[in-house]
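Listed here are the chains, written in short residue letters.
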Amino acid sequence: MTYNVDQLGFYGTYGGAYIPEILHQCVQDLQEAYLPIIEDPEFQKDFRTLLRDYAGRPSPLYYAHRLSDRYGCKIYLKREDLNHTGAHKINNALGQALIARRLGKKRIIAETGAGQHGVATATVCALLGMECVVYMGKTDVERQHLNVERMKMLGAKVVPVTSGNMTLKDGTNEAIRDWCCHPADSYYIIGSTVGPHPYPDMVARLQSVISEEIKWQLQEHEGRDYPDVLMACVGGGSNAAGTIYHYLNDPRVRIILAEAGGKGIDTCMTAATIQRGKPGIIHGSKTLVMQDEDGQIQEPYSISAGLDYPGIGPMHANLAKTGRATILAVNDDEAIRAAYELTLLEGIIPALESAHALGALEKMQFKPDDVVVLTVSGRGDKDIETYLRFKD
Ligand SMILES: *Cc1c(COP(=O)(O)O)cnc(C)c1O
């Protein structure tokens with residue numbers, strides 16, 4: 001049994017490519033091209049060089065002394081917040097932009113929620129001299145204003161989307177609509193392990209540099225290359241996929257994923273897709289989806305724009321179904337508390353998304369010699385106003 005994708009793009013019963021006819025050719029071309037490109041030494045050389053010299057990798061694996069004391073175990077933080085542009089998203093954006101260039105595409109489309117993927121994509125488009133259009137729900141444009149200004153300064157066109165509740169799902173719908181109109185010359189850089197095959201697997205592979213580094217970094221710190229527990233937050237699932245990729249089939253490693261409980265999973269204001277969702281199709285993939293009895297998508301809610309999504313990567317839906325991963329819902333107030341705790345214990349202001357992974361710590365039972373690696377997916381500069389609003 002494996003937790004990786006199969007030949008047809010499925011993880012167990014989830015995944016696949018459920019796409020409109022007009023995208024069939026370009027999705028099939030990408031399915032055939034992505035593995036040969038990623039495995040090509042020339043691509044690897046370009047990608048690795050940019051990850052190192054441009055994004056600043058490897059990101060540190062930091063032993064958090066005071067946080068470890070607080071929870072009675074050994075906690076290491078994987079510092080994706082220290083990457084160029086402030087989150088793990090740059091790993092994927094660099095990789096996919098290089099793939100797009102190989103495929104001869106000059107126009108890049110992206111969706112964004114909190115704006116981190118939009119900023120990462122606008123950044124790599126500036127770097128590689130490509131045209132960039134970013135679709136973003138109007139609600140997110142307003143609550144993540146600084147990231148909108150960054151994208152504009154980087155030369156991207158930001159299109160505010162006014163359908164639905166004007167957040168990530170709606171931005172994604174509009175990006176797919178644009179892609180359908182320009183399938184020949186445009187490449188869609190999806191920001192997470194979602195979308196039709198091969199996107200979930202492609203994004204997971206590009207982000208897997210995170211767990212590749214954790215292996216040798218833990219070997220240096222602890223004299224063994226695996227932790228007892230891996231923890232990450234899940235929106236679509238890309239920072240989690242990168243964190244667990246090289247440990248998926250290692251039963252010594254427990255996987256704990258934190259999804260956004262919002263105001264509570266028993267309320268209608270939640271984005272806890274794994275616990276509240278049912279099998280359905282969203283944005284080209286069969287996965288767990290928050291939906292009503294008629295199959296209409298329910299509007300998700302989270303204080304964190306990056307987790308405010310009614311779907312989840314098919315890889316993660318399968319990890320939950322098979323019991324390989326434990327999923328915990330962390331509510332808004334728990335995430336805020338955890339963000340203040342990390343800030344005051346370690347001097348690190350985490351992104352609100354990452355604060356959900358931190359908020360899962362108090363729901364866990366640890367033994368003193370447990371080695372825990374928790375990924376801090378991004379930095380909290382974009383969330384300062386929200387944090388201050390909730391300061392008690
Ligand atoms: C986008 C984002 C997330 C959520 O996306 P995943 O694909 O689940 O990783 C989490 N943290 C940060 C900082 C983000 O920018």
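This text goes with the structure placed above it.
Description of the structure in this document. (Residues numbered from 1 in each chain as written. Predicted model: local features only at pLDDT ≥ 70, side-chain atom pairs only at ≥ 80, totals over all residues. Heavy atoms only, no water.)

Turning to the overall build of the protein, a few remarks are in order. What the protein contains, in helices and strands, is 16 helices and 14 strands. Taken over C-alpha atoms, the radius of gyration comes to 19 Å for the protein, in line with the 21 Å a tight globule of 392 residues would show. Overall size of the protein, expressed as C-alpha extent along the three principal axes, is 55 × 45 × 45 Å. Partitioning the contacts of the protein with sequence separation of at least 6, the portion at a separation of at least 24 is 75%. Accessible surface, the protein as shown: approximately 15300 Å² in total, 52% of it carbon and sulfur. Computing the positive centroid from 40 side-chain charges and the negative centroid from 49, the protein places the two 2 Å apart. (Helix = DSSP H or I, 4+ residues; strand = E, 2+ residues; numbered from the N terminus. Rg over C-alpha atoms; globule rule 2.2 N^0.38 Å. Contact = heavy atoms within 4.5 Å. Areas by Shrake-Rupley, 256 points an atom, 1.4 Å probe, with all protein chains shown as cover. Lys, Arg positive; Asp, Glu negative; His and termini not counted. Charge placed at Lys NZ, Arg CZ, Asp CG, Glu CD.)

Bringing the site of the ligand into the picture now. Close to the ligand lie 16 residues, the nearest being K89, S192, G235, S238 and S377. Between the ligand and the protein, one listed contact pairs an oxygen atom with a backbone N or O atom of G235 at 2.7 Å. Within the backbone of G237, a nitrogen or oxygen atom sits 2.7 Å from an oxygen atom of the ligand. Surface burial for the ligand is 96%, taken as the share of its 380 Å² of free accessible area covered by protein chains. For the ligand, the cavity whose grid points lie within 2 Å of the majority of its atoms is the largest cavity. For the shell around the ligand, the residue count by class is three nonpolar, eleven polar and two charged. (Near = heavy atom within 4 Å. Polar contact = N/O pair within 3.5 Å; in protein donor to acceptor, adjacent residues only side chain to side chain. 1 Å grid on protein atoms, 1.4 Å probe; cavity = no way out; pocket = protein on both sides within 12 Å on 5 of 7 lines; lining within 4 Å. Sits in = over half its atoms within 2 Å of the grid points. Nonpolar A, V, L, I, M, F, W, Y, C, P; charged D, E, K, R; others polar.)

With that settled, the discussion passes to the sheet that holds strand β3 (residues 61-63). Judged by pairing direction, the sheet is mixed, and its six strands sit side by side in the order β3-β4-β14-β9-β10-β13 without closing on themselves. Of all the strands in the sheet, the pair left with one neighbour each is β3 and β13 (325-331). Pairs of neighbouring strands in the sheet enclose a mean axial angle of 25°, with direction left out of account. Its contacts with the sheet place helix α10 (residues 209-222) against β3, β4 (74-79), β9 (229-233) and β14 (371-376), and it is angled at close to 140° to β4. Packing against the sheet, helix α14 (residues 332-346) makes contact with β3, β4, β10 (254-262) and β13, and its axis sits at approximately 95° to β13. (Pairing = 2+ DSSP bridges. Axes fitted to C-alpha atoms, helices over the stretch in contact; angles between N-to-C directions.)

As a further point, take helix α4 (residues 89-102). With 14 residues, α4 should cover 20 Å at 1.5 Å per step; its first-to-last C-alpha distance of 20 Å lies within 8% of that length. Of all 14 residues that make up α4, twelve are buried, and the element is covered over most of its length. For α4, the set of buried residues is K89, I90, N91, N92, A93, L94, G95, Q96, A97, L98, I99 and A100. Following α4 by one or two positions, G104 adopts a phi angle in the positive range, close to 80°. (Expected span 1.5 Å × (residues − 1). Buried < 20%, exposed > 50% of the residue type's maximum accessible area, 1.4 Å probe, protein only.)

We now examine the packing of aromatic side chains. Within this structure, the stated rule accounts for seven aromatic pairs. Taken together, a centroid distance of 6.0 Å and an interplanar angle of 80° make the contact between W179 and Y199 edge-to-face. Of this pair, W179 sits in helix α8 (residues 168-181) while Y199 sits in helix α9 (residues 199-207); the two residues are 20 residues apart in sequence, bridging distant segments of the chain. For the residue pair W179 and Y199, the accessibility class agrees, reading buried in each case. Aromatic rings pair up to connect W179, Y187, Y188 and Y199 into one cluster. The ring of Y226 carries R224 above its face, with NZ or CZ at 4.7 Å from the centroid. (Phe/Tyr/Trp six-rings, centres within 6.5 Å; stacked < 30°, edge-to-face > 60°. Lys NZ or Arg CZ within 6 Å of the ring centre and 35° of its normal.)

Spatially, four strands are ordered β7-β6-β5-β8 in an open sheet, and the strand pairing comes out parallel. Of all the strands in the sheet, the pair left with one neighbour each is β7 (157-161) and β8 (186-188). Adjacent strand axes in the sheet meet at a mean angle of 25°, parallel and antiparallel pairs treated alike. Taken together, the six bridges between strand β5 (residues 107-112) and strand β6 (residues 131-137) define a ladder with parallel strand orientation. Among the inter-strand pairings, T112 is bridged to a residue of β6, identified as M136.

Attention now goes to the layout of surface pockets. Here the idea is plain: a probe the size of a water molecule rolls over the atoms and shows the empty space left. Counted as a void, the largest pocket has a volume near 340 Å³. Forming the boundary of the largest pocket are 16 residues, of which R143, Q144, K382, E385 and T386 lie nearest the centre. Breaking the lining of the largest pocket down by element, the ones donating at least two residues are α6 (138-143), α7 (145-153) and α16 (384-389). A total of four residues in the lining of the largest pocket trace back to one element, the largest contributor, which is α16. Tallied by class, the residues present in the lining of the largest pocket amount to five nonpolar, four polar and seven charged. Approximately 190 Å³ is the volume found for the second largest pocket. In this structure, the second largest pocket is lined by V5, D6, Q7, Q31, E32, Y34, L35, H197, D201 and R205. Breaking the lining of the second largest pocket down by element, the ones donating at least two residues are α1 (24-39) and α9. Here the lining of the second largest pocket gets four residues from one element, more than from any other, and that element is α1. Taken together, the residues that form the lining of the second largest pocket break down as three nonpolar, three polar and four charged. (Points joined across faces, edges and corners; volume = space filled by probe spheres on them.)

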